[in-house]
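Okay, here's what each chain looks like letter by letter:
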Amino acid sequence: MKNKIRIGCGAGFSGDRLEPAVILTEQGELDYLILECLAERTIALAQKRKLHDSGKGYDILLERRIHSLLPVLKKNKVRLITNMGAANPVAAAKKIIEIAKELNAEISVAAVTGDDVFDRIDPQQKAMETDTALSSSGRLISANAYLGVDTILPALQTNADIIITGRVADPSLFLAPMIHEFSWSLNDYDLMGKGTIIGHLLECAGQITGGYFADPGKKDVPGMNHLGHPFADVFANGSATIGKVAATGGLINLQTAKEQLLYEVVDPYEYYTPDVIANFTTVHLKETGKDRVTVTGGSGKEKPSTYKVSVGYHAFYLGEGEISYAGSNAMRRAKLAASIITERLEDSFPDMQIDYIGSTSLHHTSFKHTAAPYEVRLRVAAKSDSFEKAAIVGEEVEALYTNGPAGGGGVRKYVNEVIGIVSTLIGKEVVRPSVTLFHS
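Residues numbered from 1 in each chain as written. Predicted model: local features only at pLDDT ≥ 70, side-chain atom pairs only at ≥ 80, totals over all residues. Heavy atoms only, no water.

Caption draft 1: Broad picture of the overall build of the protein chain. Helix and strand content of the protein chain: eleven helices and 16 strands. Its C-alpha atoms give the protein chain a radius of gyration of 24 Å, near enough to 22 Å, the size a compact globule of 440 residues would have. With the C-alpha coordinates of the protein chain rotated into their principal frame, the extents come out at 75 × 50 × 50 Å. Counting only residues that meet the buried cut, the protein chain has 55% of its 440 residues in that class. Residue pairs at least 24 apart in sequence account for 76% of intrachain contacts in the protein chain once pairs closer than 6 positions are excluded. For the protein chain, the computed accessible surface area is about 19800 Å², with 50% contributed by carbon and sulfur atoms. (Helix = DSSP H or I, 4+ residues; strand = E, 2+ residues; numbered from the N terminus. Rg over C-alpha atoms; globule rule 2.2 N^0.38 Å. Buried < 20%, exposed > 50% of the residue type's maximum accessible area, 1.4 Å probe, protein only. Contact = heavy atoms within 4.5 Å. Areas by Shrake-Rupley, 256 points an atom, 1.4 Å probe, with all protein chains shown as cover.)

Caption draft 2: Examining the packing of aromatic side chains more closely. Counted by the stated rule, this structure contains four aromatic pairs. A centroid spacing of 6.2 Å and a plane angle of 80 degrees characterise the contact between Tyr317 and Phe387, whose relative ring orientation is edge-to-face. On the criterion of sequence distance, the pair formed by Tyr317 in strand 12 (residues 306-326) and Phe387 in helix 10 (residues 387-398) is long-range, its members being 70 residues apart. Here Phe387 falls in the partly exposed class, since its relative accessible area comes to 43%. The ring of Phe349 carries the charged tip of Lys389 above its face, separated from the ring centre by 5.2 Å. (Phe/Tyr/Trp six-rings, centres within 6.5 Å; stacked < 30°, edge-to-face > 60°. Lys NZ or Arg CZ within 6 Å of the ring centre and 35° of its normal.)

Caption draft 3: Fine view of the side chain of Lys428. Tracing the chain through its elements places Lys428 in the loop between strand 15 (409-427) and strand 16 (434-439). Among buried Asp, Glu, Lys and Arg side chains, Lys428 stands out as unpaired, with Asp150 the closest opposite charge at 5.8 Å. Contact partners of Lys428, with chain neighbours within four places excluded, come to Pro274, Lys303, Pro304, Ser305, Thr306 and Tyr307. (Lys, Arg positive; Asp, Glu negative; His and termini not counted. Salt bridge = Lys/Arg side-chain N within 4 Å of Asp/Glu carboxyl O.)

Caption draft 4: Highlighting the nonpolar core. Core analysis: the biggest nonpolar cluster contains 64 residues, and Ile121, Met178 and Val234 have the highest contact counts within it. When near neighbours in sequence (up to four residues on either side) are disregarded, Ile121 contacts Leu134, Leu140, Ala143, Val309, Val311 and Ile426. (Core = buried A, V, L, I, M, F, W, Y, C linked by side-chain atoms within 4.5 Å.)

Caption draft 5: Structural context of helix 1 (residues 19-27). When we look at burial in helix 1, the residues that qualify are Pro20, Ala21, Leu24 and Thr25. Along the axis of helix 1, the buried positions cluster into a sector of 130 degrees, meaning they face one direction only. Buried residues belonging to helix 1 abut strand 1 (4-11), strand 2 (32-35), helix 3 (62-76) and strand 7 (230-235). Immediately downstream of helix 1, the backbone of Glu29 shows phi near 50 degrees, a positive value. (Arc of directions from axis to C-beta.)

Caption draft 6: Quick look at the sheet that holds strand 6 (residues 162-165). Taking strand neighbours across the sheet as the criterion, the eleven strands line up as 9-10-11-8-7-1-2-3-6-4-16 in an open arrangement whose pairing is mixed. At either margin of the open sheet sits one strand with a lone partner, and together these are strand 9 (271-272) and strand 16. In this structure, strand 10 (residues 277-289) lies alongside strand 11 (residues 292-301), joined through nine bridges in antiparallel fashion. Bridging from a neighbouring strand, Lys286 pairs with Thr294 of strand 11. Of the strands in this sheet, strand 1, strand 2, strand 3 (79-82) and strand 6 are in contact with helix 3, which crosses strand 2 at around 175 degrees. Together, strand 1, strand 2, strand 3, strand 6, strand 7 and strand 9 form the strand contacts of helix 6 (residues 170-182), whose direction differs from that of strand 1 by roughly 160 degrees. (Pairing = 2+ DSSP bridges. Axes fitted to C-alpha atoms, helices over the stretch in contact; angles between N-to-C directions.)

Caption draft 7: Highlighting unusual backbone geometry. Even without being a glycine, Glu29 presents a positive backbone phi close to 50 degrees. In this structure Glu29 comes out as exposed when scored by relative accessible area, which is 66%. For Asn159, which is not a glycine, the phi torsion comes out positive at approximately 65 degrees. Mapped onto the elements of the fold, Asn159 is located in the loop between helix 5 (149-157) and strand 6. When its relative accessible area of 56% is taken as the criterion, Asn159 is described as exposed.

Caption draft 8: Examining the packing of helix 1 against helix 3 more closely. Interhelical geometry of helix 1 versus helix 3 gives an angle of 15 degrees and a closest axis separation of 9 Å. The pairing of helix 1 with helix 3 is recorded here as roughly parallel in orientation. The handedness of the crossing between helix 1 and helix 3 comes out as left-handed. Packed against helix 1, whose contacting residues are Ala21, Val22, Thr25 and Glu26, the element helix 3 presents Ser68, Leu69, Val72, Leu73, Lys75 and Asn76 at the interface. Residue classes in the contact of helix 1 with helix 3 are distributed as five nonpolar, three polar and two charged. (Parallel < 35°, antiparallel > 145°, perpendicular 65-115°, else oblique. Left-handed = near helix turned anticlockwise from the far one by under 90°. Nonpolar A, V, L, I, M, F, W, Y, C, P; charged D, E, K, R; others polar.)

Caption draft 9: Spatial organisation of the pairing of strand 1. Counting buried positions along strand 1 gives seven out of eight residues, so the element sits mostly inside the fold. Sheet analysis places strand 1 next to strand 7, joined by five bridges and oriented antiparallel. Looking across to strand 7, one finds that Gly8 is bridged to Phe231. The pairing of strand 1 with strand 2 spans four bridges and is parallel. Directly across from Gly8, in strand 2, lies its bridge partner Leu33. Traced from strand 1 through helix 1 to strand 2, the parallel crossover comes out right-handed. (Right-handed = clockwise from strand over helix to strand, strands pointing away.)

Spelled out as structure tokens, the structure:
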């Protein structure tokens with residue numbers, strides 16, 4: 001049994017940069033690299049891709065990430081754990097094996113499945129957000145349970161080089177190797193809480209190294225063009241020190257750590273995961289060197305008997321059109337254009353949204369800042385139940401080129417199918433996780 005392991009986080013969401021993970025693996029002296037690449041809507045969109053092609057449904061950047069990472073993972077004997085399997089971990093594992101063969105690398109990949117519970121939810125059970133039947137939100141397309149460490153540990157015990165999962169709770173990706181290496185009991189809820197807190201601090205990657213923290217002139221962060229991602233030296237007693245590779249950009253200090261600690265935490269006394277209900281209120285953070293913060297404390301209590309399930313549904317088609325106006329009278333021309341579109345479309349699209357990007361698009365008020373912008377971009381958006389009808393919005397905005405106010409330019413138009421997300425709970429006893437091992 002080890003007394004210390006080093007875990008790095010190379011991605012905090014699906015579209016994260018590729019280079020920091022390679023640097024971490026090459027220079028970070030890691031035992032484990034974690035790539036956390038799933039959000040609620042991400043997996044619903046992945047389910048859509050799988051519906052169109054049964055061999056897809058994994059993360060869209062998986063192939064690029066594995067091509068760049070596999071040589072250094074092998075060279076430095078770093079094990080990878082990732083949820084890039086998204087809606088199709090088995091297909092993802094097969095793709096990784098295919099890449100390994102191209103690179104003449106001998107590896108094994110363990111695919112963790114069982115989070116897809118679409119056939120085990122009742123469409124009439126209530127959504128947590130709406131208190132109405134799941135089916136009342138729209139046509140259901142996916143249902144994925146947030147699995148925990150007990151589903152990852154069997155994969156780690158196979159000694160696979162890469163463990164790829166679908167939907168698991170974000171901190172569980174980090175907690176699992178701690179339990180595996182330190183032989184922690186799953187019923188030691190204080191250790192489960194401590195490990196979950198460490199995982200939570202790491203899971204958003206560049207956020208704790210200053211990315212989401214930066215605010216020039218108020219909270220300056222150096223070297224953001226080559227922002228490094230974090231690692232943690234985790235000890236068997238549940239303490240850890242967060243750091244980053246020397247000479248990478250960004251910073252780690254008490255401010256960045258505190259912001260990340262509270263990120264997406266509704267109740268710091270009871271942070272629910274499949275593994276534990278963690279208590280963040282007894283965490284102690286201390287700067288112990290340049291870009292080093294030591295984490296102690298934290299606790300937990302008995303884990304819940306249910307899994308949270310993220311349910312995806314078809315919400316609507318969104319039609320959008322954008323056009324720019326510039327000059328001393330830009331705002332008045334943009335407002336005239338908006339009024340033209342409104343009069344033409346309001347009967348067909350009663351919930352149309354008008355935004356003046358660069359003026360009031362984010363907060364929908366000027367906060368008494370009355371200076372007229374020299375340039376403004378008009379955005380018109382509306383919902384529809386069909387692709388064809390939604391397309392009319394962009395078409396009418398495009399027509400403003402010659403039928404609207406003077407000087408409009410830079411038109412763009414879009415139609416997107418919008419996937420909505422609601423949540424429910426499912427008993428753990430009806431979920432059937434499994435591990436499948438593949439070799440190159």
